[in-house]
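Working through the structure, step by step
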Amino acid sequence: MPRKSFCVYSHVRHLFLSPVSQYTFSRQISLSPSPNLKTLCSSGQLKEALLQMAILGPEVKFEGYDIILNECVSQRAIREGQRVHTHMIKTCYLPSVYLRTRLIVLYNKCDCLGDAREMFDEMPQRNVVSWTAMISAYSQRGFAFEALNLFVEMLRSDTEPNHFTFATILTSCYGSLGFETGRQIHSIAIKRNYESHMFVGSSLLDMYAKSGRIRDAHGVFHCLPERDVVACTAIISGYAQMGLDEEALKLFRQLQIEGMNSNSVTYASVLTALSGLAALNHGKQVHSHVLRSGQCSYVVLLNSLIDMYSKCGNVCYARRIFDSMPERTCISWNAMLVGYSKHGMAREVLELFKLMREENKVKPDSITYLAVLSGCSHGQLEDMGLEIFYNMVNGKDGIEPDMGHYGCVVDLLGRAGRVEEAFDFIKKMPFVPTAAIWGSLLGSCRVHSNVEIGIIVGQKLLELEPENAGNYVILSNLYASAGKWEDMRNIRDLMQEKAVTKEPGRSWVELDQIVHTFHASDHTHPRREEVAKKVKELSIKFKEDGYVPDLSCVLYDVDEEQKEKVLLGHSEKLALAFGLIATPEGTTIRVIKNLRICVDCHSFAKFVSKLYARTVILRDKNRFHNIVGGVCSCGDYW
DNA sequence: TTAGGGTTAG
């Protein structure tokens, strides 16, 4: 009977009694506070739960605190969480290790790292979970050294780490902490038999991949007894981040055959690789997988698709995705702006930037401004670019220009032929100019034949990066055009002595979902003889129409005939010729080059488009060249 | 109670 009357009474109490009388009632019959708090918390009514907590006073026990703290964690409710903590102190409640750990987690999730540490330091006892929670807090907030110190302290305190601890600490073992630390932790994990644990293994291979040790990463992946979607994604992403795009794609396909599940992160990772390869057809296929899998509402994935389509040369598709997005992050805007910028579509860049500011939902960041400035630079809108830059300098936009933005202005002025102005601008910069900035100006000096400044800048660059062969070549050409033959020879000798051979040129074309790669003077492609013959044939044909090989593009000190032979072996010419042979008349030829396109190949591509009525879309290291009827979207200005 | 993978610039 008492049980029954309690239920009835409880119901009545809930309906009619004031909060104060509820408290009195619960004290009288020693009612457990949990059911009420549980109901309130499970329906997300945190404020009401706190009120109830205040009413219950010292009657709130472990279960009540547990429920309410859980809700605070899931809602990231810091004020409410602090009130719970204060309530514990005021009611002289001594929280267990478990509850104190929940408070550490809460403070961490609410970005109150100091409070989390204070709680950790005050703990009379700690267990592996409290140590791991605190290490995780440091790890997640980017405090790698602090995370490592705590891990070491934990080992010294004779607390045995578990698989959670290893998975956590390994996420900090790259970058500033260095890969050797990761290797040491790997050894500790092996000794404790955690190496093959799925989460530890994923963390390990990710650590190796992020440290550029892709072989070690692959070794860990290979040894995992089981592989889930995270482990597979981590290794694919590792290859993609290293720029090993073909390997990433190959692995993705292989794992798909083996039955790997893909989620939004897997797709985002493989899209990175496809963007690198500019493999549009593969990209479309992944897009359709994404649509079929029902993951097309993830902003991050849509951002990757925007980036993939624009890097594959299809900026219209990118815009379609951008327009269809129900919500956009700053990265969505940046990806679209960068896409337009790389295609030299300065007007579209400015219109989109205007729209971004008018919508005022997402604040532009430093990268937004880099994209806009670089868009103005590539699209020859230097005055507009300068206006935007000086608004930044005057603090009108709340983004302070950094070295990158100053670099864009140097590029902007230099490309526009305002070389002296660019030189003065560098001298007045509030930063010490980097090699990249001087390199940009040297490029402008070459394009606009400013020998005087070019020689000064070239000499500075030789001091800053003596290993870069490109600088020697430009400088020696500048000396040659000034008739300073002795200086020219000295530079050539110096190059032989000091310069490191530059990254070998490589171009590729995607055809029927196969990526055909060509190297300079290729000896590997199965159709190399046919392709080389076609290049020679094209050269003769183009010469009749006015093509003059630009021998200054050749690095080597050889005679003119040899120089022309070297030029004909450039990988982008091979890829263009292959495109002509292997695709039907009238179709667009898409070529990707790993380096900047040389002046001679640019001119050659224009002849291909003009004499064969083909659109040539050529992506080099810096931008797109969309060539139609012999005219390039870059305005011969890159 | 604590844990692993993703996107953007020159």
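Residues numbered from 1 in each chain as written. Chains lettered and ligands numbered in written order. Predicted model: local features only at pLDDT ≥ 70, side-chain atom pairs only at ≥ 80, totals over all residues. Heavy atoms only, no water.

With respect to helix H11 (residues 163-170)
Side chains of residues three or four places apart in an α-helix project in the same direction, reflecting 3.6 residues per turn. How we decide: When accessible area is computed with a 1.4 Å probe and restricted to protein chains, residues below 20% of their type maximum are described as buried, those above 50% as exposed, and intermediate ones as partly exposed. A helix here means a DSSP run of H or I that spans at least four residues, while a strand means a run of E at least two residues long, and both kinds are numbered starting from the N terminus. Any two residues whose heavy atoms approach within 4.5 Å are treated as being in contact. Whenever two N or O atoms come within 3.5 Å, that pair is a polar contact, provided that in protein one can donate a hydrogen and the other can accept it, and provided that, for residues adjacent in sequence, both atoms are side-chain atoms.
Counting buried positions along H11 yields six of eight residues, so the element is predominantly enclosed. Residues of H11 that are buried make contact with helix H9 (128-140), helix H10 (144-156), helix H12 (179-191) and helix H13 (198-210). Taking the backbone nitrogen of Phe-164 as reference, a side-chain oxygen 3.0 Å away marks Asn-162 as the first, capping residue of H11.

A word on the UniProt feature "repeat: PPR" (unreviewed entry) in chain A
The condition that has to hold: UniProt positions are given in the numbering used here, feature names are shortened, and annotations may be inferred rather than shown by experiment.
Summarizing the sequence annotation, UniProt attributes the feature "repeat: PPR" (unreviewed entry) to residues 127-161, 228-262 and 329-363 in the numbering used throughout. Helix makes up 74% of residues 228-262 and strand 0%, with an end-to-end C-alpha separation of 10 Å. Between the C-alpha atoms that bound residues 329-363 the distance is 9 Å, and the span itself is 77% helix and 0% strand.

Considering the sheet that holds strand E1 (residues 506-511)
Remark on secondary structure: sheet strands pair via backbone hydrogen bonds, oriented parallel or antiparallel. Going by this rule: Only when DSSP finds a minimum of two bridges between them are two strands counted as paired. Comment: axis = line fitted to C-alpha atoms, over the contacting stretch for helices; angle = value between 0 and 180 degrees taken between N-to-C directions.
Taken together, the six strands give an open sheet; going across it, the order is E2-E1-E3-E4-E5-E6, and neighbouring strands pair in mixed fashion. Each edge of the open sheet carries a strand with a single partner, namely strand E2 (514-519) and strand E6 (631-632). Sheet topology note: the strand E3 (residues 589-593)/strand E4 (residues 616-619) ladder contains four bridges and is parallel. Bridge pairing in E4 links Ile-589 to Val-616. Its contacts with the sheet put helix H34 (residues 599-611) on E3, E4, strand E5 (624-628) and E6, and the angle it makes with E5 is roughly 35°.

Focus: the packing of aromatic side chains
Cut-off, in case you're wondering: Aromatic rings from Phe, Tyr and Trp, with only the six-membered ring used for Trp, were paired whenever their centres fell within 6.5 Å, and each pair was classed as stacked if the ring planes differed by under 30 degrees, edge-to-face if by over 60, and tilted otherwise. Geometrically, a charge over a ring is one whose NZ (Lys) or CZ (Arg) sits within 6 Å of the ring centre while staying within 35 degrees of the ring normal.
Applying the stated criterion to the full structure yields 22 aromatic pairs. Here a set of aromatic residues connected by ring pairs shows up, and it is made of Phe-389, Tyr-390, Tyr-406, Phe-425 and Phe-431. We note Arg-328 situated over the ring of Phe-322; from NZ or CZ to the ring centre the distance is 4.3 Å.

Digging into the pairing of E3
Put simply, the rule is: Place the viewer so that the strands point away; then a crossover is right-handed whenever the path from the first strand over the helix to the second strand goes clockwise.
Among the five residues in E3, four count as buried, and that is most of the element. Judged from the two bridges that link them, E1 and E3 form a sheet pairing that is antiparallel. Within E3, the residue paired with Ser-507 across the bridge is Lys-593. Taken together, E3, H34 and E4 form a β-α-β motif whose crossover is right-handed.

Describing the protein's contact with DNA strand B
Stated precisely, the cut-off is as follows: The near set for a molecule or strand comprises every residue that places at least one heavy atom within 4 Å of it. Note that Gly is not counted as nonpolar here; it falls among the polar residues with everything else outside the nonpolar set of Ala, Val, Leu, Ile, Met, Phe, Trp, Tyr, Cys and Pro and the charged set of Asp, Glu, Lys and Arg.
Every one of the 49 residues lining DNA strand B counts as a neighbour, but Ser-202, Gln-241, Asn-263, Val-338 and Leu-370 are closest to it. Counting only the atoms of DNA strand B within 4 Å of the protein, the fraction contributed by sugar and phosphate is 47%. Taking Gln-140, its side chain carries an N or O atom lying 3.3 Å from a phosphate oxygen of DNA strand B. One of the side-chain N or O atoms of Lys-342 is found 2.7 Å from a phosphate oxygen in DNA strand B. In terms of residue class, the surface near DNA strand B is built from 17 nonpolar, 24 polar and eight charged.

Considerations on the pairing of E1
The buried count for E1 comes to five of six residues, which makes it a mostly enclosed element. Here E1 pairs with E2 via six bridges, running antiparallel. Residue pairing across strands places Val-509 opposite His-516, the latter belonging to E2. Linkage of E1 to E2, two consecutive antiparallel strands, is achieved through a turn of two residues, within which Asp-512 is found at a positive phi near 45°.

Concerning helix H14 (residues 214-223)
The criterion, for reference: Within this analysis, the arc is defined by the directions that extend from the helix axis to the C-beta atoms.
Among all positions in H14, only Ile-214, Ala-217, Val-220 and Phe-221 are buried. Buried residues of H14 fall within an arc of 120° about the axis and therefore sit on the same side. Away from the buried face of H14 by more than 90 degrees, exposed residues Arg-215, His-222 and Cys-223 are located. Structurally, H14 contributes buried residues whose contacts are with H12, H13, helix H15 (229-241) and helix H16 (245-257).

Remarks on the side chain of Asn-162
Tracing the chain through its elements places Asn-162 in the loop between H10 and H11. At 2.9 Å, the side chain of Asn-162 forms a polar contact with the side chain of Thr-165. Residues in contact with Asn-162, not counting those within four places in the same chain, are Val-128, Thr-132 and Tyr-194.

Describing the state of the cysteines
To keep it simple, the criterion reads: Note on terminology: disulfide denotes any pair of cysteine sulfur atoms within 2.5 Å.
For the structure on display, the rule yields zero disulfides. Cysteine Cys-408 is unpaired, with the sulfur of Cys-376 as its nearest cysteine sulfur at 9.4 Å.

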